[in-house]
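Spelled out, the chains give:
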Amino acid sequence: MSRSALLLVALACAPLLGGCRYTFVPLIPAQVNVDLPVRLTSATLERQGETLKLLAQVDGRFEPGFLTVRWFDGGRLLGTDSVYLDGAQRRAAFTWVAAQPGTYRAVLSFGGTVLRQVELYEVQP
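Asks: Just checking my understanding: could you explain the sheet that holds strand β7 (residues 113-121) for this structure?
Replies: Strands belonging to one sheet form pairs held by backbone hydrogen bonds; the direction of such a pair is parallel or antiparallel. Read from one edge of the open sheet, four strands run β4-β3-β6-β7, paired in antiparallel fashion. For this open sheet the edge positions go to β4 (76-85) and β7, each flanked by a neighbour on one side alone. Strand-to-strand twist in this sheet, taken as the mean axis angle between neighbours without regard to direction, amounts to 20 degrees. When strand β3 (residues 65-73) meets strand β6 (residues 103-110), the two strands line up antiparallel, connected through seven bridges. From the neighbouring strand, L67 faces β6, where its bridge partner is F110.

Right, here's the structure in full:
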């Protein structure tokens, strides 16, 4: 075929090719509502003198409730503490008097769901 014949075939098919378009159905997709669960974005446990200090921040959408911490030394439960959190109050600070070095753990939970465990190893377990 010559070049002019190919050009005539392409021009003859041009109206047929013009009808090919991408179609996205639906044209405007439905809005997706993401409901992320409550999550702990930061938690640190450190010693300050004879006390252990735990700082925690909760993010996400949640119903107001109590952020609870359970303090452990090794496998032994030392005690619990809790702070009420709502939309305006999302940070919590907990302290625990611990004069002796140890293997301390703090388990954080919100609404009965465990969010995170932070550890401080001052001696070998």
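Asks: In this structure, what is going on with the packing of aromatic side chains? I would like to understand it.
Replies: Aromatic ring pairs are reported here in terms of the distance separating the ring centres and the angle at which the planes meet. Counted under the stated rule, the structure contains three aromatic pairs. Ring geometry for F66 against Y84: centres 5.3 Å apart, planes inclined by 70 degrees, an arrangement best described as edge-to-face. On the criterion of sequence distance, the pair formed by F66 in strand β3 and Y84 in strand β4 is long-range, its members being 18 residues apart. You can call F66 partly exposed: its relative accessible area is 48%. Y84 sits in the partly exposed class, given a relative accessible area of 43%. Their ring planes at 25 degrees and their centres at 6.1 Å tell us that W71 and W96 sit as a pair that is stacked. In this pair, W71 sits in strand β3 while W96 sits in strand β5 (residues 91-97), placing the two residues 25 residues apart along the sequence. You can call W96 partly exposed: its relative accessible area is 25%. Just above the ring of F72 sits the side chain of R105; from NZ or CZ to the centre is 4.4 Å.

Rules used in this analysis
- Residues numbered from 1 in each chain as written.
- Predicted model: local features only at pLDDT ≥ 70, side-chain atom pairs only at ≥ 80, totals over all residues.
- Heavy atoms only, no water.
- Pairing = 2+ DSSP bridges.
- Helix = DSSP H or I, 4+ residues; strand = E, 2+ residues; numbered from the N terminus.
- Axes fitted to C-alpha atoms, helices over the stretch in contact; angles between N-to-C directions.
- Phe/Tyr/Trp six-rings, centres within 6.5 Å; stacked < 30°, edge-to-face > 60°.
- Buried < 20%, exposed > 50% of the residue type's maximum accessible area, 1.4 Å probe, protein only.
- Lys NZ or Arg CZ within 6 Å of the ring centre and 35° of its normal.

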